[in-house]
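# Survey of secondary and tertiary structure
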Amino acid sequence: MLAKISSGKSVFGVLAYNKIKVEDNQADVLYSQKMFDSADGKFSIQDCMDSFYPYLAKNNRTEKVVFHASLNPDPKDKLSDERLSEIAQRYMEKLGYGNQPYIVFKHSDIDRTHAHIVSLRIDETGKKINDSYEVVRSMKICKELEQEFNLIPLKKGQRESEAPTKKIDYKAGDIKHQVGNIAKSVMNHFYFQSFGEYRTLLEQFNVTVEEVKGEHKGKPYRGLIYPVIDNKGEKIGVPIKSSKFGKSVGYDVMQKHFEHSKTAIEKNRIRENLRPVIAKAMKEAKNIDDFKLLLKEKGIGAIFRQNEQGRIYGVTFIDYQNQAILNGSRLGKEFSANQFQNLLSNSSVKKEKAEQQTPIKPQSERASSPSLSLSGITDAASSLFSLFDIEPQRDNSEDIAFAKEKEWEEKQRQRSAKRRKPGRQI
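Residues numbered from 1 in each chain as written. Predicted model: local features only at pLDDT ≥ 70, side-chain atom pairs only at ≥ 80, totals over all residues. Heavy atoms only, no water.

### Details of the overall build of the protein
Here is the rule we go by: We count a stretch as a helix when DSSP gives it H or I for four or more residues in a row; a strand needs E for two or more, and each element gets its number in order from the N terminus. Here's how the labels work: a residue is buried when its accessible area is under 20% of the maximum for its type, exposed when over 50%, partly exposed in between, all with a 1.4 Å probe on protein chains only. A contact between two residues is defined here by any heavy atoms of the two lying within 4.5 Å. With residues, only the protein chains shown are counted as cover, and all accessible areas are computed by Shrake-Rupley using a 1.4 Å probe.
A count of helices and strands for the protein gives 14 helices and 11 strands. Considering the protein as a whole, with its 426 residues, one finds that 46% of them fall into the buried category. Here the contacts in the protein between residues at least 6 apart in sequence split such that 67% fall between residues at least 24 apart. Here the protein displays about 24400 Å² of accessible surface, and carbon together with sulfur accounts for 48% of that area.

### With respect to the nonpolar core
Test applied: For the purposes of this section, nonpolar cores are sets of buried Ala, Val, Leu, Ile, Met, Phe, Trp, Tyr and Cys residues that join through side-chain atoms within 4.5 Å.
Ranked by size, the top nonpolar core spans 31 residues in total, and within it V179, V186, F192, Y198, L202, Y226 and M254 carry the most contacts. Going through the elements one at a time, helix 6 (175-189), helix 7 (195-203), strand 7 (219-229), strand 8 (235-241) and helix 8 (251-267) are the ones with two or more residues in this core. With sequence-adjacent residues up to four places away left out, L202 is seen in contact with I182, A183, V186, V207, T208, V209 and Y226. In this structure, F291, F317, A337 and L343 belong to the second largest nonpolar core, which totals 26 residues.

### Describing unusual backbone geometry
Notably, N150 is not glycine yet its phi reads approximately 55°, a positive angle. By the secondary structure assignment, N150 is in the loop between helix 4 (134-148) and helix 5 (158-161). Residue classification places N150 among the exposed positions, given a relative accessible area of 69%. Phi is positive for N206, which is not a glycine, with a value near 65°. By the element assignment, N206 lies in the loop between helix 7 and strand 6 (210-216). Among the residues examined, N206 registers a relative accessible area of 8% and is labelled buried.

### Concerning the packing of aromatic side chains
Rules: Working definition: a ring pair exists when centres of Phe, Tyr or Trp rings (six-membered ring for Trp) sit within 6.5 Å. Plane angles under 30 degrees give stacked, over 60 give edge-to-face, the rest tilted.
Taken as a whole and judged by the stated rule, the model has 12 aromatic pairs. Between the aromatic rings of Y226 and F245, the centroid separation amounts to 5.9 Å while the plane-to-plane angle is 65°, which identifies the pairing as edge-to-face. Remark: F245 occurs in the loop between strand 8 and helix 8 and Y226 occurs in strand 7; sequence separation between them is 19 residues. Overall, the relative accessible area of 9% leaves F245 in the buried class. Members of the aromatic cluster, connected to one another through ring pairs, are F192, Y198, Y226, F245 and F258.

### Some points on the pattern of salt bridges
Pairing between side chains becomes possible if they bear opposite charge and their charged atoms approach one another. Here is the rule we go by: Basic side-chain nitrogens of Lys or Arg form a salt bridge, by our definition, when they fall within 4 Å of a carboxyl oxygen of Asp or Glu.
Enumeration according to the criterion identifies 12 salt bridges in this entry. Each of R90, E93 and E148 takes part in one network of salt bridges that share partners.

### Brief notes about the sheet that holds strand 10 (residues 312-319)
Put simply, the rule reads: Strand pairing is assigned whenever DSSP identifies at least 2 bridges connecting the two strands. Only the stretch in contact is used when fitting a helix axis, every axis being a line fitted to C-alpha atoms; angles between N-to-C directions are given from 0 to 180 degrees.
Taken together, three strands build an open sheet; the order of strands is 9-10-11 and the sheet is antiparallel. Strand pairing shows two members of the sheet lacking a second neighbour, strand 9 (300-306) and strand 11 (324-327), which therefore form its edges. Here the strands of the sheet are splayed against their neighbours by 20° on average, with no regard to which way each runs. Strand direction decides the pairing type here: strand 9 and strand 10, joined by seven bridges, are antiparallel. Across the sheet, residue R305 finds its bridge partner in strand 10, namely G314. Packing against the sheet, helix 7 makes contact with strand 9, strand 10 and strand 11, and its axis sits at approximately 120° to strand 11. Sitting on the sheet, helix 10 (residues 288-297) is in contact with strand 9 and strand 10, with an inclination near 150° to strand 9.

### Description of the pairing of strand 8
Judged from the four bridges that link them, strand 7 and strand 8 form a sheet pairing that is antiparallel. By the bridge assignment for strand 8, I225 is matched with K241. In this structure, the hairpin formed by strand 7 and strand 8 is closed by a connection of five residues, where G233 is found at a positive phi of approximately 90°.

### A closer look at the packing of helix 1 (residues 11-23) against helix 2 (residues 45-58)
The packing of two helices is summarised by the inter-axis angle and the distance between the axes. Heads up, the rule is: Working rule for angles: under 35 degrees goes down as roughly parallel, over 145 as roughly antiparallel, 65 to 115 as roughly perpendicular, anything else as oblique. Crossing chirality is assigned from the near helix's rotation relative to the far helix, an anticlockwise turn below a right angle marking it left-handed and a clockwise turn marking it right-handed. Each residue is assigned to one class: nonpolar for Ala, Val, Leu, Ile, Met, Phe, Trp, Tyr, Cys and Pro, charged for Asp, Glu, Lys and Arg, and polar for all the others, Gly among them.
For the pair helix 1 and helix 2, interaxial distance at closest approach is 11 Å and the crossing angle is 155°. Our classification of the angle between helix 1 and helix 2 gives roughly antiparallel. Considering the relative orientation of helix 1 and helix 2, their crossing is right-handed. Each of V11, F12, L15, A16 and K19 in helix 1 lies in contact with helix 2, whose residues at this interface are I45, C48, M49, F52 and L56. Along the lines of polarity and charge, the residues of the contact of helix 1 with helix 2 split into nine nonpolar, no polar and one charged.

### A word on the confidence of the model for the protein
Convention followed: A score from 0 to 100, pLDDT tells how confident the predictor is in each residue.
Per-residue confidence for the protein gives a mean pLDDT of 80, with 77% of residues at or over 70. Of all the helices and strands in the protein, helix 13 (residues 382-385) carries the lowest mean pLDDT, 44, while helix 3 (residues 81-95) carries the highest, 96. In this model, residues 159-164 is a region of pLDDT below 50 whose contacts with residues beyond four sequence positions or in other chains number 11 contacts. Within the model, pLDDT remains below 50 along residues 348-396, and this stretch shows 85 contacts once partners closer than five positions in the same chain are excluded.

### Here's the deal with the environment of R222
Note the cut-off: Pairs of N or O atoms within 3.5 Å make up the polar contacts considered here, provided that, within protein, one atom can donate a hydrogen while the other can accept it, and that residues adjacent in sequence are counted only when both atoms are side-chain atoms.
One can find R222 in strand 7. By relative accessible area, which is 44% here, R222 ends up partly exposed. Remark: the alpha-carbon pair of R222 and E211, spanning 11 residues in sequence, is separated by 7.1 Å. In this view, R222 contacts E211, V212, K213 and Y251; residues no more than four positions away in its chain are not counted. At 3.2 Å, the side chain of R222 forms a polar contact with the side chain of E211.

Here it is as structure tokens:
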């Protein structure tokens, strides 16, 4: 069994996400502890918020108050609702959240049934619950629960491959290992149907991919290389061939993944579920920033591509929960790049007015209530979600300088090695 843990600011947001799943018959409430029951027996966000309120009211220091975990048994583990509920309870007890108010949902929106647990990271006194080494403790607990409930254990190395993916850290070294882990994680976790969609996913982690063609021993070949990029999209260092990571992220596997993703997206009706959510956000949004925020509240990311004149020529949507990426054109003409140009214009006008009104002090972000703000919504892929949160990136000139320094050192090493190489004996 694999557990994925995340934190968030918005209790309402994560409950709203699960409510959507319940209303779409893709989730059910399995179990709840210290939570108010609705009179009609149906899931109620208001009742949940009322249950959490006494805890939230006493908190004045912890920003990310939401505890959100997903428990993912092996698909071959056929568990009854009672069994899955019992596993969730034992997990919370062992992790230190046994006395907390929480609610457990059973999700069946993808091929494997799994549980989502929503709780708080603060106790009844407003004090934050100890989360030191939480991921490590969670992994140990999963192993214990596998034995306790006779679950199919994860294969060797599988648990590590599911670990949260981070952006490239050039200063940490071992770039090959970092790039390989990111490429494998994206390939294993996300549905994508084109080379461009795959590249867009990788670029959120400061890695990109390029296709190479050539001929070897009279036979044509196609392959992939993975360059590291900075926050501005500029390449750093030497690209790494896919063969350095094995066949799992090579050209042939990528092509097969396109077909697999197409089937999965159609089967799970991901396109059909995205359309009304995006359409509603387009209708309600005042500008591009507002549009992105509305989608983020629903667990969806929007990435816009603009030319030098600032005109939008492409848009891509990432469904974090279903772990799928789709270009706007796949959703229909009403979601094409041209439809978003008016939103961009409104955003530019608003920004220009704001700058005129406050030439020195920048405007602060819109304030929101900690208990009602939707911006903190998280999901089972939350470790990836935080990385795909598209915000203006800081300049990383230090990383670029560091990379160039390492390249120079490597060239010097190679030159020294050539000088030491013995010549031919005459």
